[in-house]
Amino acid sequence: MLVGWFEQNARDLPWRRTNDPYAIWVSEIMLQQTQVRTAIPYFERWMRALPTVESLARISSGRLHKLWEGLGYYTRVRNLQKSARMICQDHNAQFPQQYDAVRALPGIGPYTAGAICSIAFNQPTPILDGNVIRVLSRVFAITSDPKEPRTNTLLWQLAEALVTRAARLSPPSGCLPCSALNQSLMELGATLCTPRSPSCPLCPVQPHCGARQRGIQEQLPLPARRPATTQRHFLAFLVEHKERYLVRQRPDGMVNAHLWEFPNAEVKAPLSTKLDATARKMGLRIIDRKPLCTLKHSITRYRITLAAHRAEVVNLGTLADGHWFTRRQLDRLAFTSAHRQILRAATL
Ligand code: SF4
């Protein structure tokens, strides 16, 4: 019933047109923190630039980060390349088919391993992401917190029972039952069984849905407790000299490692004070500063305010870790999203 609905209603997404485990892996990693609509052009560009595991293993760090620029959570892309190099070295450049070997690759957890093995190799491996948690919590009317270990284990068991059962049924010709079952659960959660106002009258599993029968579908799954947020403030300086801009690359081991940015530092609020002292701590002796833009964004539980200023510096010759690049050269570098916005604000 559910699989039949999926075969007739599945969205035509580029990673669904292939059984190539490499392409499915890339799409699953992209989709971990990114909406489908945003991921599509990135995925298509990636597959044109890097069509094979070997091409991913070989690409330079700069080009790799540029392909991911704007998607955030850059550890994902570095783990993709680490895994590609392991696949080339340990598996003769063939994507491994055993669940344990897939799970052993950097950045691949139980959900991603289950998705790759079921979708690419039609193995009865369960998956449990936010969409599937919502569907199963509602169908089985699970009223406890899905993050709580016992409930989470129960959800994995249910996901496994469903895909194992699908593997035993005789499918219509051309249907890969484990792949179709897992993808239908994800698709149902993404399109009909949505967090708010689920479209129950259109749903293929409505007759079997415990939450719908009890009228509690909008209350499930139980919402997770949100962690407390922390405000953080940064000052950044856009220093221009003879049509070149001063930038630096974030070092290894930091958030957004290898990405480029304008000189900046964390400060205590308010942002309008201590500009000169903050710049001096970074080795910049600034003059003639003017406010450029103020940006707000969130990274995990942090609510970040970044105030950028244009400035000139008087100690050009003594700057240690800075690089001077033209606008055209900057366009070829991978920037964090906030610093890409600073550049846009500066050159509008
Ligand atoms: S009947 Fe409604 S709540 Fe139940 S699975 Fe379908 S869309 Fe979700």
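Report follows, based on the coordinates. From a predicted model like this one, the values you see are computed outputs, not experimental measurements.

1. Focus on the overall build of the protein
Of the regular secondary structure elements, the protein holds 15 helices and seven strands. Considering the protein as a whole, with its 348 residues, one finds that 48% of them fall into the buried category. A sequence separation of at least 24 residues applies to 65% of the contacts in the protein between residues at least 6 apart. Within the structure as shown, the protein displays about 18400 Å² of accessible surface, and the carbon and sulfur contribution to it stands at 51%. In the protein, 46 side chains carry a positive charge and 25 a negative one; their mean positions are 5 Å apart.

2. Describing the side chain of N264
Among the secondary structure elements, N264 is positioned in strand β4 (residues 264-267). Here the side chain of N264 touches F262 through a polar contact of 2.8 Å, landing on its backbone oxygen. Setting aside its immediate chain neighbours within four residues, N264 contacts F234, L235, A236, R248, M282 and H339.

3. Let's talk about helix α1 (residues 2-9)
For α1, the full list of buried residues reads L2, W5 and F6. Summarising the axial view, the buried residues of α1 lie within an arc of 100 degrees, below the 170-degree limit, and thus occupy one face.

4. Description of unusual backbone geometry
The amide bond that connects L220 to the next residue, P221, takes the cis arrangement and shows omega of -5 degrees. When you line up the elements, P221 lands in the loop between α12 (210-214) and β1 (230-241). The backbone of N92 shows a phi angle near 55 degrees, a positive value even though the residue is not glycine. Counting through the fold element by element, N92 comes out in the loop between α6 (75-90) and α7 (99-103). In this structure, H258 is a non-glycine residue whose phi angle is positive, near 75 degrees. Mapped onto the fold, H258 is located in the loop between β2 (244-249) and β3 (260-261).

5. So, the packing of aromatic side chains
Working definition: an aromatic ring pair is given by the centre-to-centre distance plus the angle between the planes. Tallying each qualifying case throughout the model produces six aromatic pairs. Ring centres of W15 and F43 lie 5.3 Å apart, and the angle between their planes is 85 degrees; this geometry places the pair in the edge-to-face category. Pair noted here: W15 is in the loop between α1 and α2 (21-31) and F43 is in helix α3 (residues 36-49), with a separation of 28 residues, a long-range link. On the basis of relative accessibility, which here comes to 9%, the residue W15 falls in the buried class. With a centroid separation of 6.1 Å and 65 degrees between ring planes, the pair formed by Y22 and W25 is classed as edge-to-face. Taken as a pair, Y22 and W25 lie in helix α2 at a separation of three residues, close to a single helical turn. A relative accessible area of 1% means that W25 is categorised as buried. Members of the aromatic cluster, connected to one another through ring pairs, are Y22, W25 and F95. Positioned over the ring face of Y302 is R232, at 4.7 Å from the centre of the ring.

Cut-offs used in this document
Residues numbered from 1 in each chain as written. Predicted model: local features only at pLDDT ≥ 70, side-chain atom pairs only at ≥ 80, totals over all residues. Heavy atoms only, no water. Helix = DSSP H or I, 4+ residues; strand = E, 2+ residues; numbered from the N terminus. Buried < 20%, exposed > 50% of the residue type's maximum accessible area, 1.4 Å probe, protein only. Contact = heavy atoms within 4.5 Å. Areas by Shrake-Rupley, 256 points an atom, 1.4 Å probe, with all protein chains shown as cover. Lys, Arg positive; Asp, Glu negative; His and termini not counted. Charge placed at Lys NZ, Arg CZ, Asp CG, Glu CD. Polar contact = N/O pair within 3.5 Å; in protein donor to acceptor, adjacent residues only side chain to side chain. Arc of directions from axis to C-beta. Phe/Tyr/Trp six-rings, centres within 6.5 Å; stacked < 30°, edge-to-face > 60°. Lys NZ or Arg CZ within 6 Å of the ring centre and 35° of its normal.

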